[in-house]
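The primary structure of each chain is shown beneath.
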Amino acid sequence: MIWLALAACLAWLVLLFGRGWFWLARDDDRDAVSLPDPAAWPSVTAVVPARDEAATIGITVASLLAQDYPGEFRLVVVDDRSSDGTGDVARAAAAGDPRLLVVRGGARAAGWTGKLWALEQGLREALAEGMAPAPDYLLFTDADIRHAPDSLRMLVRRAVHGRRVLVSLMARLRCDSAAERWLVPAFIFFFQMLYPFRWSNDPRARTAAAAGGCVLLDRGAFAAAGGLGPIRGALIDDCALARQMKRQGPIWLGLSAPDDRRGEAPEGLNRPRQAARVESLRPYETVGPIRRMVARTAYAQLGYNPALLAGMLLALALVFLAPPLLALFAGGLASALGGLAWAAMAVAFLPTLRRFGLSPLRGIALPGIALAYMAFTLDSALAEWRGRGGMWKGEAGPRMDGDAGSRVN
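Reference entry: report on the structure contained in this document. Counting from 1, residues in each chain are numbered in the order their sequence is written. The predicted origin of the model limits local features to residues at a pLDDT of at least 70 and limits the giving and counting of side-chain atom pairs to 80 or more, whereas totals for whole chains, interfaces and linings rest on all residues. Side-chain calculation: all heavy atoms of the structure are included, whereas hydrogens and water are not.

**A few points about the nonpolar core**
Nonpolar cores were defined as sets of buried Ala, Val, Leu, Ile, Met, Phe, Trp, Tyr and Cys residues, with membership established by side-chain atoms within 4.5 Å. The buried label applies to any residue whose accessible area, calculated with a 1.4 Å probe on protein chains only, is under 20% of its type's maximum; exposed applies above 50%, and partly exposed to all values in between. Trp-12, Phe-189, Phe-190, Phe-320, Leu-366 and Tyr-373 are the most contacted members of the largest nonpolar core, which totals 56 residues. Going through the elements one at a time, helix H1 (2–17), helix H6 (178–194), strand E8 (251–255), helix H10 (287–295), helix H12 (306–329), helix H13 (332–355) and helix H14 (366–385) are the ones with two or more residues in this core. Contacts between residues were defined by any pair of non-hydrogen atoms, one from each residue, lying within 4.5 Å. With residues near it in sequence (within four places) discarded, Phe-190 still touches Phe-320, Leu-366, Ala-370 and Tyr-373. Helical segments are the DSSP runs of H or I of at least four residues, strand segments are the runs of E of at least two, and each set is numbered from the N terminus.

Set out below in structure tokens:
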């Protein structure tokens, strides 16, 4: 018991002080307003893949066309064989704005995941001969993302000022339902633990990550990296893209910071939810949709390797499950060390909870939340073994060996 307790404490010592200070959750875009404007604003084309997104695509399109961006801007929406009128909703939201082009997507090409094939079709239309001159930057964003009016301007500022070939913001996820309040903050916490943002943003480090809901790319560097072709079958496409782009130059990933002009309401108070520069509109009213979101890529993250799956589950059990079990059921020093590790866990989760305006007491429940994510990961492996892995919009994705470019390095 003592050795198990010591191992759990050592694990948390490493996580707190040796993993890029990920748990502080300080890497965000608050400083964007202080960055200088570029000498000349580059042209940008946004590409939005959308299949059956009628509920949100109108808001996404309207927010993109309402950008206060001083440079040339165009928008391409790929209506990926939707059956709910997604393309019509997008056109209606544009109200005749000539900057919008809606492309009707075709059947998924062999070897491509659904989202990447939709993006590829949009890129081909946007860069086709006879169209406007090729843009300087590309913005990949999802059909359920709302952008504040200054979103694109801040992204370009950071890219140009820091000479970043990729700039990505992790959209603020909804945290309204009970399922969202319990599970969404942990998703952000675990993502940062897996991909410490400071490591990803350090040109000297090998770690590379991005958040697929909002990715700005230097088109020249993107072309030099081979475009989407080299990662066409990657399920974790955002991190695969980040790894590919980091070979071309420095990248930057951060959280979409809350809008400081509006106060965050403490949990339980009936006050408006705080806005963010980039935020997701997709609701997760129950546990099921969150489980499917995690299960889609969790086993791919482990390279479809059963040994890595077993090792990861054992590691998570040591880090998240052993401390409370030792604190509650062991005795003497083992119980004290287990309690210390449990307290460290709760303290580490506190900054993320604060970002969502949630009670710090929820940190005590992180072991149970981690257990749920372990179950989601097992579900991901079971889906793969049943031939249903990587589901996106009802289609199972292709499997690449190790899901090329998706693993942490």
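**So, the pairing of strand E7 (residues 214–218)**
The element E7 is largely enclosed, with a buried count of 4 among its 5 residues. By the bridge criterion, 5 bridges tie strand E4 (residues 137–141) to E7 in an arrangement that is antiparallel. Within E7, the residue paired with Leu-139 across the bridge is Leu-216. Where strand E6 (residues 166–170) and E7 come together, 3 bridges link them in antiparallel fashion. Note that in E7 the partner of Leu-166 across the bridge is Leu-217. By this definition, two strands are paired if DSSP reports at least two bridges between them.

**Quick word on the pairing of E6**
Of all 5 residues making up E6, 5 are buried, and the element is well covered by its neighbours. Pairing between E6 and E8: 5 bridges, direction parallel. Bridging across to E8, Val-167 finds its partner in Trp-252.

**Considering the sheet that holds strand E1 (residues 44–50)**
Backbone hydrogen bonds hold the strands of a sheet together, and the pairing may be parallel or antiparallel. Taken in spatial order, the 7 strands of this open sheet run E3-E2-E1-E4-E7-E6-E8, and their pairing is mixed. Among the strands making up the open sheet, the edge pair consists of strand E3 (100–104) and E8. Sheet twist, expressed as the mean angle between neighbouring strand axes with direction ignored, is 15 degrees. Pairing between strand E2 (residues 73–79) and E3: 5 bridges, direction parallel. Within E3, the residue paired with Leu-75 across the bridge is Leu-100. Interaxial angles span 0 to 180 degrees and are taken between N-to-C directions of axes, which are lines fitted to C-alpha atoms, for helices over the stretch in contact. The strands that helix H5 (residues 151–162) touches are E1, E2, E4, E6, E7 and E8; relative to E7, the one it contacts most, it runs at about 45 degrees.

**Regarding H14**
Working rule for helices: expected span equals 1.5 Å times residues minus one. Across its 20 residues, H14 extends 29 Å between first and last C-alpha, which sits within 8% of the 28 Å expected from 1.5 Å per residue. If you check which residues of H14 are buried, you get Leu-366, Pro-367, Ile-369, Ala-370, Tyr-373, Met-374, Phe-376, Thr-377, Ser-380, Ala-381, Ala-383 and Glu-384. Those residues of H14 that are buried are in contact with H6, H10, helix H11 (298–301), H12 and H13. Directly after H14, the chain includes Gly-387, whose backbone phi takes a positive value near 80 degrees.

**Concerning the pattern of salt bridges**
Put simply, a salt bridge is a Lys or Arg side-chain nitrogen that is within 4 Å of an Asp or Glu carboxyl oxygen. Using the criterion set out here, one finds 24 salt bridges in the structure. As a salt-bridge pair, Asp-176 and Arg-174 come within 3.7 Å of each other at their nearest N and O atoms. Judged by its relative accessible area of 32%, Asp-176 is partly exposed. Accessibility expressed as a relative area gives 17% for Arg-174, which makes it buried. Across the pair Arg-174 and Glu-285 runs a salt bridge, and its minimum N-O distance is 3.4 Å. Of this pair, Arg-174 sits in the loop between E6 and H6 while Glu-285 sits in the loop between strand E9 (278–280) and H10, and the two are 111 residues apart along the sequence. When salt bridges that share partners are traced, they join Arg-174, Asp-176, Glu-180 and Glu-285 into one network.

**What to know about the environment of Phe-376**
With respect to the helices and strands, the residue Phe-376 is situated in helix H14. Taking the relative accessible area as the measure of exposure, Phe-376 reaches 6% and is therefore buried. As a C-alpha pair, Phe-376 and Arg-292 span 84 residues in sequence and 7.8 Å in three-dimensional space. Beyond its immediate sequence surroundings of up to four residues, Phe-376 is in contact with Leu-183, Val-287, Ile-290, Arg-291, Val-294 and Ala-295.

**Re unusual backbone geometry**
Positive phi values are uncommon outside glycine, yet Asp-52 reaches one of about 55 degrees. In this structure, Asp-52 sits in the loop between E1 and helix H2 (57–65). Given the relative accessible area of 35%, Asp-52 is considered partly exposed. We note that Ala-95 has phi near 50 degrees; this positive angle belongs to a residue other than glycine.

**A closer look at the environment of Leu-75**
Here Leu-75 shows up in strand E2. The buried category is assigned to Leu-75, whose relative accessible area is 1%. Taking the C-alpha atoms as reference, Leu-75 lies 10.0 Å from Ala-94; in sequence the two are 19 residues apart. Excluding its chain neighbours within four sequence positions, the residues that come into contact with Leu-75 are Ala-46, Val-48, Val-61, Leu-64, Leu-65, Arg-99, Leu-100 and Leu-101.

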